[in-house]
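Residues per chain are reported as follows:
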Amino acid sequence: MVTKRLQKEFMNLSKSPLDYIEFTLVDDDIHQWSATLHGPPSTPYAGGTFHLSLIFPTTYPFKAPQIKFVTPVYHPNVKTDSGDICADLISEGWGPTLNVRHCAQVLKTMLENPEPDHPLEADIAQLLREKPKEFEKKAKAYTKEHAK
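The numbering scheme is per chain: residues are counted from 1 as the chain's sequence reads. Where totals are concerned, whole chains, interfaces and linings use all residues; where local detail is concerned, this predicted model gives features only for residues with pLDDT of at least 70, and gives and counts side-chain atom pairs only at 80 or more. Side-chain figures throughout are based on the complete set of non-hydrogen atoms in the structure, without hydrogens or water.

Draft legend 1. Spotlight on the packing of aromatic side chains. Each pair of aromatic rings taken from Phe, Tyr and Trp, with Trp reduced to its six-membered ring, is defined by centres within 6.5 Å and is described as stacked if the planes are under 30 degrees apart, edge-to-face if over 60, and tilted in the remaining cases. Under the defined criterion, the tally for this structure stands at nine aromatic pairs. Seen in terms of ring centroids, Phe23 and Trp33 are 5.6 Å apart; in terms of plane orientation they differ by 65 degrees. Their pairing is edge-to-face. Pair noted here: Phe23 is in strand 1 (residues 21-26) and Trp33 is in strand 2 (residues 29-38), with a separation of ten residues, a long-range link. Phe23 sits in the buried class, given a relative accessible area of 13%. A ring pair is formed by Phe56 and Tyr60, whose centres lie 5.0 Å apart and whose planes are at 75 degrees; its orientation type is edge-to-face. For each residue, the accessible area found with a 1.4 Å probe, counting protein chains only, is set against the maximum for its type, and the residue is called buried under 20%, exposed over 50%, and partly exposed in between. Residue Tyr60 is classed as buried on the basis of its relative accessible area of 1%. What links up through ring pairs into an aromatic cluster is the set Phe10, Phe23, Trp33, Phe56, Tyr60 and Trp94. What counts as a helix is a DSSP run of H or I of at least four residues, what counts as a strand is a run of E of at least two, and both are numbered from the N terminus.

What follows is the structure, encoded as structure tokens:
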């Protein structure tokens, strides 16, 4: 069931792609995907190309995929050293009616509106809250350096 569902989702995303993210299989394994997310315009991430990994559990779609940034990103909800994303962003409210398109939208929204209230990186969240212009400057520089 998991394999069929993932094959259907992958096929749907291939036929009707999203303009801000592309998906490919890793070594033809339907349970491991890579994604290329384009930084949204009018954000510090604009112009950046971010690579992510998606690993689907055997319990998908009842359990959310594990998603990590492979490209370093300066963001309060992403661990700088590992690329781990705040679990609440993807898993919160997850149910079998949700899918990869939903995950893609969450990732895009996350870059458009960084959330400092439940951070994985407290220092970055504090900078975003207290000195938003400085946060934006650092996020732009990080994007320019790492998300080419």
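There is more to say, and it comes next.
Draft legend 2. Spatial organisation of the packing of helix 4 (residues 122-130) against helix 5 (residues 132-146). As a rule, the C-alpha atoms of each element are fitted with a line to give its axis, helices using only the stretch in contact, and angles between N-to-C directions run from 0 to 180 degrees. Packing of helix 4 against helix 5 leaves a shortest axis separation of 5 Å and a crossing angle of 130 degrees. Considering their axes alone, helix 4 and helix 5 lie oblique with respect to each other. Across the interface between the two elements, Ile124, Leu127, Leu128, Arg129 and Glu130 from helix 4 touch Pro132, Glu134, Phe135 and Lys138 from helix 5. Under the convention adopted here, Pro, Cys and the residues Ala, Val, Leu, Ile, Met, Phe, Trp and Tyr are nonpolar, Asp, Glu, Lys and Arg are charged, and Gly plus all remaining residues are polar. Residues belonging to the contact of helix 4 with helix 5 are distributed by class as follows: five nonpolar, no polar and four charged. Throughout, the term roughly parallel applies to angles under 35 degrees, roughly antiparallel to angles over 145, roughly perpendicular to angles from 65 to 115, and oblique to all others. Pairs of residues are marked as contacts when any of their non-hydrogen atoms sit within 4.5 Å.

Draft legend 3. Structural view of the environment of Arg101. By secondary structure assignment, the location of Arg101 is in helix 3 (residues 100-112). The class of Arg101 is partly exposed, set by a relative accessible area of 29%. Separated by 89 residues in the primary sequence, Arg101 and Asn12 place their C-alpha atoms 9.7 Å from one another. Residues adjacent in sequence count toward polar contacts only when both atoms are side-chain atoms; beyond that, a polar contact is any pair of N or O atoms within 3.5 Å, and within protein one must be able to donate a hydrogen and the other to accept it. At 3.4 Å, the side chain of Arg101 and the backbone oxygen of Asn12 are in polar contact.

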